Every structure is written in C-alpha cells, then in structure tokens.
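Take a look at the letters that make up each chain.
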Amino acid sequence: MCYAGSSLTALYQPLLNQDTVEDEMEMATVRHRPEALELLEAQSKFTKKELQILYRGFKNECPSGVVNEETFKEIYSQFFPQGDSTTYAHFLFNAFDTDHNGSVSFEDFVMGLSILLRGTVQEKLNWAFNLYDINKDGYITKEEMLDIMKAIYDMMGKCTYPVLKEDAPRQHVETFFQKMDKNKDGVVTIDEFIESCQKDENIMRSMQLFENVI
C-alpha cells in the first residue's frame, strides 16, 4: 500500500530552504493571480516568505499560474523516466484538483503540499484516502486500489522491480484490502482506512507517509 510522489516534494522542499524572496509585485504579471498571501498563510502551514518562494517555483513551471492535466503529466514524467507515470499522474492531478475544474491553481497546489509536507498523520491519511477514492464517492473499492497500485508499479518501471511478477500489484492489494475492509462489505470507508493504517505498522510503512510522499 503506497502512494508515490517523491518528485514534487523533492522539487519544492529545497526551495523552502532558500533565503531569497520573490517580489510580490511579480504576481500581477500572471493570468491567474493567487489569493492574498495572508489568506493562504492562514489556511496552510507555510509562512508568507515560504509561499513567495513556492510561488516562484510554481510560476517557473506554470507561467500562466494554473496547470492543466497534460502539463502536469509532462512535469511528472521528468522524474520517472524509467517507467510510465501517465496514469499515476492522472490520479495525482485529480487529488490536487479539489474543485474538479480541470486545472490546478497555486492555491490548490499549496493546500495539497501543505498537508503532504507538514500535515498531521490524520491529515495525510485523509489525503491518501482521497487519492485512492478515484471516483470520489466516499469509498475505496478493490478495483480502485488496484488501479492505483498498477499505476505506481508502471511508474517505477522495470528497473525498480526487475523480477516482479505480473500479478504482484493484485496480490499486494488483496492483502491490504482484506485487512482494511473490516465488515467485509466490499468497500473501504474513510474510518476503516484510517484505523487500519494507524494500527498496522506495515501499512503505515509501505504507504511511506513520512518520506517520498509526493
């Protein structure tokens, strides 16, 4: 059970360690102007200075101030040249696109990154559940979990899993789904998901919540 994404945090974490600050007036030059930094600062776990630095990095990749799915996939593919990240990037994009309008704004990105880099275990688990709940109906089915796992295996490529059996993702899912579906009704609820993850050290470890998250 895992959700890979070391690329985005690897890209943006170093930026937060920089001392330079982008001039706020530069924000007026993009088509999509982000909400006031004070509001984002209040809603996220980043300081105003960190938000300015993050915005510079975001704007470098997305000059218009928003990113569509195709651009997101192109950016993400750079980090996983050994595999095919297309499908996983699709699922990840949908998790960041919280209002489901087909684009990820700086605000969307900051709120997701805030949880992934600095959120509590509960917040990270909620975010992970949303990622696995592909159709956003409030439940995770075995098929949804399998789709995510296949996408992760595809993305990591044969270099990472040279002797991997074809049915490895399915075996992985069978094991974890059986543990999570407490009442055996064929779906995993948010409560079942969080309880299982918090009680099972193996699930927590394999989800890689504290490293290589996104």
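Keep in mind it's a predicted model, so treat the numbers as computed, not measured.

**Here's the deal with the overall build of the protein**
Logical step 1: Across its full length, the protein carries 11 helices and 4 strands.
Logical step 2: The burial tally for the protein puts 47% of its 214 residues in the buried class.
Logical step 3: Working note: accessible area of the protein is about 10600 Å², and carbon and sulfur atoms make up 50% of it.

**Concerning the UniProt feature "domain: EF-hand" (unreviewed entry) in the protein**
Logical step 1: UniProt marks residues 84–119, 120–155 and 168–203 with the feature "domain: EF-hand" (unreviewed entry), using the numbering shown here.
Logical step 2: For residues 84–119, the helix share is 67%, the strand share is 8%, and the end-to-end C-alpha distance is 29 Å.

**Here's the deal with the pattern of salt bridges**
Logical step 1: Taken as a whole and assessed by the stated rule, the structure comprises 8 salt bridges.
Logical step 2: Among the ionic pairs, Arg-118 bridges to Glu-50, the shortest N-O distance being 2.9 Å. Of this pair, Arg-118 sits in helix 6 (residues 106–118) while Glu-50 is found in helix 3 (residues 48–61), placing the two residues 68 residues apart along the sequence.
Logical step 3: Accessibility expressed as a relative area gives 32% for Arg-118, which makes it partly exposed.

**Brief notes about helix 9 (residues 168–180)**
Logical step 1: Counted at 1.5 Å a residue, the expected span for helix 9 with its 13 residues is 18 Å, and the 19 Å between its end C-alpha atoms agrees.
Logical step 2: Restricting attention to buried positions, one finds in helix 9 the residues Ala-168, Pro-169, Val-173, Phe-176, Phe-177 and Met-180. Taken down its axis, helix 9 places every buried residue within 150° of arc, on the same side.

**Section: the nonpolar core**
Logical step 1: Ranked by size, the top nonpolar core spans 53 residues in total, and within it Tyr-88, Leu-92, Phe-96, Leu-131 and Phe-193 carry the most contacts.
Logical step 2: Looking at this core, the element that brings in the most residues is helix 8 (residues 142–160), giving 9 residues.

**Section: unusual backbone geometry**
Logical step 1: Of note, the phi angle at His-100 is positive, near 55°, even though the residue is not glycine.
Logical step 2: Relative to the elements of secondary structure, His-100 occurs in the loop between helix 5 (86–96) and strand 2 (103–105).
Logical step 3: A residue is classified by how much of its surface remains accessible, and His-100, at 52% relative accessible area, is exposed.
Logical step 4: Positive phi, normally seen in glycine, also occurs at Lys-136, with a value near 55°.
Logical step 5: One can find Lys-136 in the loop between helix 7 (121–132) and strand 3 (140–141).

**Here we look at the side chain of Glu-50**
Logical step 1: Residue class for Glu-50 comes out buried when judged on its relative accessible area of 14%.
Logical step 2: At a separation of 2.9 Å, a polar atom in the side chain of Glu-50 contacts the main-chain amide nitrogen of Thr-47.

**Let's talk about the environment of Glu-144**
Logical step 1: Tracing the backbone through its elements, the reader meets Glu-144 in helix 8.
Logical step 2: The class for Glu-144 is buried, based on a relative accessible area of 7%.
Logical step 3: Linking Glu-144 and Tyr-132, residues 12 residues apart in sequence, is a C-alpha distance of 6.4 Å.
Logical step 4: Filtering out sequence-adjacent residues up to four positions away, Glu-144 remains in contact with Tyr-132, Asp-133, Ile-134, Asn-135 and Tyr-139.

**Brief notes about the packing of aromatic side chains**
Logical step 1: Going through the model one piece at a time under the given rule, you end up with 12 aromatic pairs.
Logical step 2: Between Tyr-132 and Phe-193, the ring centres sit 6.4 Å apart and the planes meet at 45°, which makes this aromatic pair tilted. Here Tyr-132 is found in helix 7, whereas its partner Phe-193 is found in helix 10 (residues 190–199), with 61 residues between them in sequence. Phe-193 matches Tyr-132 in its accessibility class, with the two residues each being buried.
Logical step 3: Connected via pairs of aromatic rings, a cluster forms that spans Tyr-55, Phe-58, Phe-72, Tyr-76, Phe-80, Tyr-88, Phe-93, Phe-96, Phe-106, Phe-109 and Trp-127.

**Quick word on the environment of Leu-125**
Logical step 1: You can see Leu-125 is positioned in helix 7.
Logical step 2: Relative accessible area serves as the criterion here: at 0%, Leu-125 is assigned to the buried category.
Logical step 3: Considering only alpha carbons, one finds Leu-125 and Met-204, 79 residues apart in sequence, at a separation of 9.5 Å.

**Here's the deal with the packing of helix 5 against helix 7**
Logical step 1: At their nearest, the axes of helix 5 and helix 7 sit 9 Å apart, and the two run at 125° to each other. Taken as axis vectors, helix 5 and helix 7 run oblique relative to one another. Note that helix 5 runs across helix 7; the crossing there is right-handed. Contacts between helix 5 and helix 7 involve Tyr-88, Phe-91, Leu-92, Ala-95 and Phe-96 from the former and Trp-127, Asn-130 and Leu-131 from the latter.
Logical step 2: Among the residues making up the contact of helix 5 with helix 7, the classes are represented as 7 nonpolar, 1 polar and no charged.

What counts, and at which threshold
Residues numbered from 1 in each chain as written. Predicted model: local features only at pLDDT ≥ 70, side-chain atom pairs only at ≥ 80, totals over all residues. Heavy atoms only, no water. Helix = DSSP H or I, 4+ residues; strand = E, 2+ residues; numbered from the N terminus. Buried < 20%, exposed > 50% of the residue type's maximum accessible area, 1.4 Å probe, protein only. Areas by Shrake-Rupley, 256 points an atom, 1.4 Å probe, with all protein chains shown as cover. UniProt positions renumbered as here; feature names shortened; annotations may be inferred. Salt bridge = Lys/Arg side-chain N within 4 Å of Asp/Glu carboxyl O. Expected span 1.5 Å × (residues − 1). Arc of directions from axis to C-beta. Core = buried A, V, L, I, M, F, W, Y, C linked by side-chain atoms within 4.5 Å. Polar contact = N/O pair within 3.5 Å; in protein donor to acceptor, adjacent residues only side chain to side chain. Contact = heavy atoms within 4.5 Å. Phe/Tyr/Trp six-rings, centres within 6.5 Å; stacked < 30°, edge-to-face > 60°. Axes fitted to C-alpha atoms, helices over the stretch in contact; angles between N-to-C directions. Parallel < 35°, antiparallel > 145°, perpendicular 65-115°, else oblique. Left-handed = near helix turned anticlockwise from the far one by under 90°. Nonpolar A, V, L, I, M, F, W, Y, C, P; charged D, E, K, R; others polar.

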